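This is what each chain is made of:
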Amino acid sequence: GAGVSQSPRYKVAKRGQDVALRCDPISGHVSLFWYQQALGQGPEFLTYFQNEAQLDKSGLPSDRFFAERPEGSVSTLKIQRTQQEDSAVYLCASSLMSGSNEQYFGPGTRLTVT
Amino acid sequence: GENVEQHPSTLSVQEGDSAVIKCTYSDSASNYFPWYKQELGKRPQLIIDIRSNVGEKKDQRIAVTLNKTAKHFSLHITETQPEDSAVYFCAASVEYGNKLVFGAGTILRVKS
């Protein structure tokens, strides 16, 4: 079946612009995660949803970052007033249910802030 | 919180040789340890995982071992092939929330 998809795949934003990144998880997957991957580093946790509930947002680096999943499927990560340090690949992952640990990743959105 | 250290950062092996990548973790509550392979510009792909109730798991040329007492786990790739060349990440998670804490990655180069 279809895997996790993300759009756009590449985004260039001028500093100060707002961006919205979309994640379509695997159909039926309850849990959804966002990670940030800087160049040459491992992914770092940002936030986690179980269905539409955001259960953990401890990894969001500032209040400029906001994520939502209003109907428990598609999720959007929004970054307001982008800064150069926001440049990274933003990865979305989904898993079948809480307690089912296997996470399947999307291809990521590469954000470049100029 | 959890901290995962991964070594080495780069590893070059000759085709057909074995490769071993090691990780340590800090939180004794962690109970799930996946390994991901990431090719340049691609998504991380789960290649093998282990839960804390077992010490070893094997899948063809890939094996993972876990030492809960020492809080370390390792990835073993035997009979390496050029297509094994990629960045490998270890990760750890505790039960609640299932968020993964990743190591910094190992660049594996298999020379033919």
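Residues numbered from 1 in each chain as written. Chains lettered and ligands numbered in written order. Predicted model: local features only at pLDDT ≥ 70, side-chain atom pairs only at ≥ 80, totals over all residues. Heavy atoms only, no water.

> Help me understand the overall build of chain B in this model?
Along its length, chain B carries zero helices and eleven strands. Moving toward the C terminus, one meets the helices and strands of chain B in the order β-β-β-β-β-β-β-β-β-β-β. Since a compact globule built from 112 residues should have a radius of gyration of about 13 Å, the 13 Å found for chain B is in line with a globular shape. By principal-axis analysis of the C-alpha atoms, chain B measures approximately 40 × 30 × 20 Å. Burial analysis of chain B (112 residues in total) assigns 44% to the buried set. (Helix = DSSP H or I, 4+ residues; strand = E, 2+ residues; numbered from the N terminus. Rg over C-alpha atoms; globule rule 2.2 N^0.38 Å. Buried < 20%, exposed > 50% of the residue type's maximum accessible area, 1.4 Å probe, protein only.)

> In this structure, what is going on with the interface of chain B and chain A? I would like to understand it.
Reports often express the size of an interface as the amount of accessible area lost when the parts come together. Across the contact, 20 residues belong to chain B and 25 residues belong to chain A. Of the roughly 1800 Å² buried between chain B and chain A, counting both surfaces, carbon and sulfur atoms make up 47%. The salt bridge partner of B:Lys99 is A:Asp56, with a shortest N-O separation of 3.6 Å. Inspection of the region where chain B meets chain A yields eight residue pairs in polar contact (both at pLDDT 80 or more). (Contact = heavy atoms within 4.5 Å. Buried area = accessible area lost by both parts, 1.4 Å probe. Salt bridge = Lys/Arg side-chain N within 4 Å of Asp/Glu carboxyl O. Polar contact = N/O pair within 3.5 Å; in protein donor to acceptor, adjacent residues only side chain to side chain.)

> Would you mind going over the sheet that holds strand 8 (residues 75-79) of chain A with me for this structure?
Hydrogen bonds along the backbone pair up the strands of a sheet, which may run parallel or antiparallel. Residues and elements named next belong to chain A. Spatially, 1-3-8-7 is the arrangement adopted by the four strands of the open sheet, whose pairing is antiparallel. Since the sheet does not close on itself, it has two edges, and those belong to strand 1 (5-7) and strand 7 (65-68), each with one partner. Strand-to-strand twist across the sheet, computed as the mean angle between neighbouring axes with direction ignored, equals 15°. Sheet analysis places strand 3 (residues 19-24) next to strand 8, joined by five bridges and oriented antiparallel. Within strand 8, the position partnered with Val19 by the bridge is Ile79. (Pairing = 2+ DSSP bridges. Axes fitted to C-alpha atoms, helices over the stretch in contact; angles between N-to-C directions.)

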